[in-house]
Amino acid sequence: MINAALVLEGGSLRSLYTAGVLDVLMENGIEFACVIGVSAGALCGANYIARHIGNSAKINILHSNDSNFFGIRQFLLKGSIFNFDYLFYKPIKELYPYNEEKFMNSKQRFLIGATDCVTGKAVYFEKHNYSELVIALKASSSIPFFCKPVKIDDLICLDGGVADPIGINKAFSEGFDKVVAVLTRHAGHRKQPPSGLNNILLKMYNKKYPELIATMKNRYKKYNSLIDEINVLENEGKILVLRPSREVKIKRLERDARKLTDMYFLGRDDAGRMLNKIYDYINWLYRRDNEI
C-alpha cells in the first residue's frame with residue numbers, strides 16, 4: 001500500500017472518467033493509504049475500496065436510460081432526482097453485489113466529503129460498515145435543488161462538491177505530503193458565476209440555509225481557486241494530476257450511453273498513458289518510506 005492520498009473530484013456522470021482511471025489502478029494493484037472523494041467521486045471510490053473493477057462503469061452506462069435510477073420522474077415522485085435506494089439496495093446491489101466484507105476489512109482510509117447546510121462548510125465522514133457508508137454517500141451526492149438534504153451524525157448535508165469540490169487540502173491536513181488527484185474536467189476549464197435561473201433557485205433556499213447559499217454563490221470562485229492551486233502544485237511536482245486529455249461534453253444527467261462509454265475509455269486510456277508516471281511517483285514514496 002502506498003503512503004499517499006488519492007483525491008477524487010465529483011461531477012455527476014462525468015465520473016465515468018474517474019471510473020476508467022480507477023479500474024486501471026485496480027488492475028495494476030495500485031492501492032493508496034487514503035482515498036478522499038466527494039459526490040460521484042466518492043461513489044467511484046467506494047467501488048475502488050471494495051475492488052469492484054468495472055462496477056461503476058456498468059451501473060452508470062447500462063442503466064443510463066433507466067428512469068427508476070434517475071431523472072425527472074424520480075424528482076416528481078420522491079423529491080430527489082436520484083433514487084438512492086434503487087442504487088444502494090434493490091435492484092442494483094443484487095445485480096452488482098457489493099463486497100461489504102472487503103470494504104470493512106480494508107486498511108485504506110476512505111473519507112467522504114459533504115457540505116453542512118447550516119454552516120455552508122465542508123465536513124468529512126469516515127464510515128466502516130455498509131449502512132453507514134450508504135448514508136455518507138447519499139449526503140455527499142445529493143445535488144442542491146434536485147435532491148433532499150440528508151441527515152448524518154446530527155448534521156443536515158448536501159453535495160460535497162459545493163464546499164470542497166477537490167479535497168487536496170484535506171489530504172494535506174491528514175498528513176499526506178503527496179497526492180494523486182483525479183479530475184473530471186479538461187485542462188483550462190473554469191466555472192462561471194451562477195446563471196439567472198440558478199440565482200432564482202438560490203433565493204428560494206435563502207431563508208432556511210443562508211450560509212449554504214453564500215457558499216453556493218461563491219462556489220465558482222472556490223473551484224477556480226482550487227484549480228489554480230492544483231496547477232501550481234502540479235508544475236512544482238508536489239502532486240500528480242490525472243484529468244481528461246480532451247473535452248467531452250456530458251450533461252449532468254447524461255443518458256447517451258455512447259458518450260458515457262467514451263468518457264470511461266478516455267479515463268482508461270489516460271491512466272494507461274500515465275501509468276509510468278504513476279509508478280515513478282509512488283515508487284519514490286515506497287523507497288522513501290522503507291528507508292526511514
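Per chain, residues are indexed from 1 in the order of the written sequence. Selection of residues for local features in this predicted model requires a pLDDT of at least 70, selection of side-chain atom pairs for listing and counting requires 80 or more, and totals for whole chains, interfaces and linings are taken over all residues. Each side-chain value is worked out from all heavy atoms of the structure, with water and hydrogens disregarded.

**Focus: the overall build of the chain**
- Counting secondary structure elements, the chain contains 14 helices and eight strands.
- For this measure, only C-alpha atoms enter the radius of gyration; the expected value for a globule follows 2.2 Å times N^0.38, where N is the number of residues. For the chain, whose C-alpha radius of gyration is 18 Å, the value lies close to the compact-globule estimate of 19 Å for 292 residues.
- Taking the principal axes of its C-alpha atoms as reference, the chain extends roughly 55 × 40 × 40 Å.
- For every residue, the accessible area obtained with a 1.4 Å probe (protein chains only) is divided by the maximum for its type, and the residue is called buried under 20%, exposed over 50%, and partly exposed between those limits. Among the 292 residues that make up the chain, the fraction classed as buried is 53%.
- Considering only intrachain contacts with a sequence separation of at least 6, the fraction spanning at least 24 residues in the chain is 75%.
- Areas reported as accessible are Shrake-Rupley estimates using a 1.4 Å probe. Residue values count occlusion only from the protein chains shown. Just so you have it, the chain exposes about 13500 Å², and 52% of that area is on carbon and sulfur atoms.
- In the chain, 41 side chains carry a positive charge and 32 a negative one; their mean positions are 6 Å apart. The helix count covers DSSP runs of H or I at least four residues long, the strand count covers runs of E at least two residues long, and both are numbered beginning at the N terminus. Residue contacts follow a heavy-atom distance rule, with two residues in contact if any of their heavy atoms lie within 4.5 Å. When charges are counted, neither His nor the chain ends are considered; positive counts come from Lys and Arg and negative counts from Asp and Glu. The atom standing in for a charge is NZ when the residue is Lys, CZ when it is Arg, CG when it is Asp and CD when it is Glu.

**Focus: the pattern of salt bridges**
- The salt bridge definition used is simple: a Lys or Arg side-chain nitrogen within 4 Å of an Asp or Glu carboxyl oxygen. The final tally for this structure, using the stated rule, is 15 salt bridges.
- The closest approach of N and O atoms between Lys-170 and Glu-174, which form a salt bridge, is 3.0 Å.
- When its relative accessible area of 27% is taken as the criterion, Glu-174 is described as partly exposed.
- A salt bridge links Glu-234 to Arg-243, with the nearest nitrogen and oxygen atoms 3.1 Å apart.
- In this structure Glu-234 comes out as partly exposed when scored by relative accessible area, which is 26%.

**Thoughts on unusual backbone geometry**
- Residue Pro-91 follows Lys-90 across a cis peptide bond; omega there is 0°.
- Relative to the helices and strands, Pro-91 is located in the loop between helix H5 (84-88) and helix H6 (92-95).
- Of note in the backbone geometry, Arg-51 takes a positive phi value of approximately 65° without being a glycine.
- Summarising the element assignment, Arg-51 is placed in the loop between helix H2 (40-49) and helix H3 (55-62).
- Located in the positive-phi region is Asp-154, a residue other than glycine, with phi close to 65°.
- Secondary-structure assignment places Asp-154 in the loop between strand E5 (150-152) and strand E6 (155-159).

**Things to note about H2**
- Along H2, nine of the ten residues are buried, which leaves the element largely enclosed by surrounding structure.
- Regarding H2, the residues found buried are Ala-40, Gly-41, Ala-42, Cys-44, Gly-45, Ala-46, Asn-47, Tyr-48 and Ile-49.
- Downstream of H2 by a residue or two, Arg-51 has a phi angle that is positive, lying close to 65°.

**Remarks on the side chain of Lys-127**
- Relative to the helices and strands, Lys-127 resides in the loop between strand E4 (122-125) and helix H8 (130-141).
- For this analysis, a polar contact is any N or O atom pair within 3.5 Å, provided that within protein one partner can donate a hydrogen and the other can accept it, and provided that sequence-adjacent residues contribute only side-chain to side-chain pairs. Among the polar contacts made by the side chain of Lys-127, one reaches the side chain of Asp-153 at a distance of 2.9 Å.
- Ignoring any residue separated from it by four or fewer positions in sequence, one finds Lys-127 in contact with Phe-103, Phe-110, Glu-132, Leu-133, Ala-136, Ile-152 and Asp-153.

**What to know about the pairing of E4**
- Residues Val-123 and Phe-125 point to one face of E4 and are all buried, whereas Ala-122 and Tyr-124, pointing to the other face, are not buried.
- With four bridges joining them, strand E3 (residues 109-116) and E4 adopt antiparallel strand pairing. Looking at the pairing, Thr-115 lines up with Ala-122 of E4.
- Here, strands pair whenever DSSP counts at least two bridges between them. The antiparallel hairpin formed by E3 and E4 contains five residues in its connecting segment, where Gly-120 sits at a positive phi of about 75°.

**Description of the state of the cysteines**
- Only a pair of cysteine sulfur atoms within 2.5 Å qualifies as a disulfide here. Following the criterion strictly, the structure yields zero disulfides and no others.
- Between Cys-44, a free cysteine, and Cys-147, which holds the nearest cysteine sulfur, the sulfur-to-sulfur gap is 16 Å.
- Cys-147 takes part in no disulfide bond, and the closest cysteine sulfur to it belongs to Cys-117, at a distance of 12 Å.

**Some words on the confidence of the model for the chain**
- Note: pLDDT gives the predictor's confidence per residue, expressed from 0 to 100. Residues of the chain with pLDDT of at least 70 account for 94%, and the chain-wide mean is 91.
- The weakest mean pLDDT in the chain belongs to helix H11 (residues 196-205) at 68; the strongest belongs to E4 at 98.

**Remarks on the environment of Ala-40**
- Tracing the sequence through the fold places Ala-40 in helix H2.
- You can call Ala-40 buried: its relative accessible area is 6%.
- As a C-alpha pair, Ala-40 and Arg-109 span 69 residues in sequence and 18 Å in three-dimensional space.
- When residues no more than four places from it in sequence are discounted, the contact partners of Ala-40 are Gly-10, Gly-11, Ser-12, Ser-15 and Ser-141.

**As for the environment of Leu-253**
- When you line up the elements, Leu-253 lands in the loop between strand E8 (239-242) and helix H14 (257-291).
- Given the relative accessible area of 26%, Leu-253 is considered partly exposed.
- Between the C-alpha atoms of Leu-253 and Phe-32, which are 221 residues apart in sequence, the distance is 30 Å.
- Apart from the residues within four sequence positions on either side, Leu-253 is in contact with Ser-12, Leu-13, Phe-70, Ile-81 and Phe-82.

**Description of the packing of helix H1 (residues 16-27) against H2**
- Orientation is described by lines fitted to C-alpha atoms, with helices fitted over the stretch in contact, and by angles between N-to-C directions that extend from 0 to 180 degrees. The interhelical angle for the contact between H1 and H2, taken along N-to-C directions, is 15°, at an axis separation of 10 Å. When the interaxial angle is binned, H1 and H2 end up roughly parallel. Between H1 and H2 lies a crossing of right-handed hand. Contact residues: Thr-18, Ala-19, Leu-22, Leu-25 and Met-26 in H1; Cys-44, Gly-45, Asn-47 and Tyr-48 in H2.
- Nonpolar residues are Ala, Val, Leu, Ile, Met, Phe, Trp, Tyr, Cys and Pro. Charged residues are Asp, Glu, Lys and Arg, and all others, Gly as well, are polar. Each residue belonging to the contact of H1 with H2 can be placed in one class, and the counts come to six nonpolar, three polar and no charged. Each angle receives one of four descriptions, namely roughly parallel if under 35 degrees, roughly antiparallel if over 145, roughly perpendicular if within 65 to 115, and oblique otherwise. Rotating anticlockwise by less than a right angle from the far helix to the near helix defines a left-handed crossing, while the corresponding clockwise rotation defines a right-handed one.

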